[in-house]
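# Observations on the three-dimensional arrangement
This is what each chain is made of:
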Amino acid sequence: MFRPTGIRLNPSNGEPLYRQITDQVIDRIRSGAFPPGFRLPPTRTLARELDAHRNTIVRAFEELQSTGFIVSIVGRGTFVADEPPAAGAPVAPPARAGMPWGSLLSRATRAEPLGRADALARPAPHRDTIDLSRMQPSDDLLPHQAMRRCIDHVLRSRGAAALTYAPREGLPKLRELIVEDLARLGVPARADDVLITTGSQQALDLAARALIDPGDTFLVEDATYSGAINLLAAAGARVMGVKSDDEGP
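Rules behind the numbers
Residues numbered from 1 in each chain as written. Predicted model: local features only at pLDDT ≥ 70, side-chain atom pairs only at ≥ 80, totals over all residues. Heavy atoms only, no water. Axes fitted to C-alpha atoms, helices over the stretch in contact; angles between N-to-C directions. Helix = DSSP H or I, 4+ residues; strand = E, 2+ residues; numbered from the N terminus. Parallel < 35°, antiparallel > 145°, perpendicular 65-115°, else oblique. Left-handed = near helix turned anticlockwise from the far one by under 90°. Contact = heavy atoms within 4.5 Å. Nonpolar A, V, L, I, M, F, W, Y, C, P; charged D, E, K, R; others polar. Pairing = 2+ DSSP bridges. Right-handed = clockwise from strand over helix to strand, strands pointing away. Core = buried A, V, L, I, M, F, W, Y, C linked by side-chain atoms within 4.5 Å. Buried < 20%, exposed > 50% of the residue type's maximum accessible area, 1.4 Å probe, protein only. Polar contact = N/O pair within 3.5 Å; in protein donor to acceptor, adjacent residues only side chain to side chain.

The interhelical angle for the contact between helix α8 (residues 200-211) and helix α9 (residues 226-234), taken along N-to-C directions, is 30 degrees, at an axis separation of 10 Å. It follows from the interaxial angle that α8 and α9 lie roughly parallel. In this structure, the crossing between α8 and α9 has a hand that is right-handed. Where α8 approaches α9, its residues Gln 201, Leu 204 and Asp 205 are matched on the opposing element by Gly 227, Ala 228 and Leu 231. Of the residues that constitute the contact of α8 with α9, the class distribution is 3 nonpolar, 2 polar and 1 charged.

What follows is the structure, encoded as structure tokens:
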């Protein structure tokens, strides 16, 4: 059990909270209140005592360690250094510590399907290997020349307007053309029923945001597009595979 440190934070004085912690720990070390070898509370314990974010405590401890006031021993804890810098002694500027992004990420990023996808994503070992995990056609099958002609035509005909924001539902003319295509396929639709997205992934993301609450069970075929599984997992769905045969799930 760790005793209260007596450190007090004042969020309204304009000084960063991690700096307030650093300065007060140094004051206690130099006054002898925290003697050499004194064990400091764990970052989580001190964060609860000060009602502060743990990352604030971590940053303060990193600065204290980089300037020689404390030492951390894996498995034992954090202690006041045997010979901390004396008062008036020059203190080396602390190394700039990066943000601890790993501790700031949402729990959704730790979903099991996402971790599985990362583990399976690896580059093909040989240039002549066909990598089916990319889920896209071979480069020589992509119509880049036709796409270039389309882009050139749009920029010539629309000019700078082609680079501005479009209506959020998509260009009206494009939606009308899609409705005509659907009608030829026997699908009744109006332009108001059509929403243009940048691709299937954005469409799936919109559907997941609109329909899924965290914890909802979502049934998918055993062989399912991994991009859809990743989106469902990030939305908090409980993804369950369903056996399929020639007629579907």
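Having seen the model, we can carry on.
Across 5 bridges, the pairing between strand β4 (residues 217-221) and strand β5 (residues 238-242) is parallel. Residue pairing across strands places Leu 219 opposite Met 240, the latter belonging to β5. Tracing the backbone out of β4, into α9 and back to the parallel element β5 gives a crossover that is right-handed.

Okay, the nonpolar core next. Of all hydrophobic cores here, the largest spans 19 residues; its most connected members are Val 25, Ile 29, Leu 50, Ile 57, Phe 61, Leu 64 and Ile 70. Secondary-structure elements contributing two or more residues to this core are α1 (17-31), α2 (43-50) and α3 (54-66). No other element matches α1, which puts 5 residues into this core. Leave out the neighbours within four places in its chain, and Phe 61 touches Leu 40, Pro 41, Thr 43, Leu 46, Ile 70 and Thr 78. By size, the runner-up hydrophobic cluster in this structure holds 5 residues, among which are Ala 208, Ile 212, Leu 232 and Ala 237.

A few words now on unusual backbone geometry. Phi at Asp 51 takes a positive value of approximately 55 degrees, unusual for a residue other than glycine. Here Asp 51 is to be found in the loop between α2 and α3.

Okay, the pairing of strand β2 (residues 70-73) next. Across a regular strand the side chains alternate sides, sitting on one face of the sheet and then on the other. The pairing of β2 with strand β3 (residues 77-80) spans 4 bridges and is classified as antiparallel. For Val 71, the partnering residue across the bridge sits in β3 and is Phe 79. As consecutive antiparallel partners, β2 and β3 are separated by 3 residues, and within that stretch Gly 75 has a phi angle of approximately 85 degrees, a positive value.

This brings us to the side chain of Thr 67. Within the secondary structure, Thr 67 is located in the loop between α3 and β2. You can call Thr 67 buried: its relative accessible area is 12%. Side-chain polar atoms of Thr 67 contact the backbone oxygen of Leu 64, separated by 3.2 Å.

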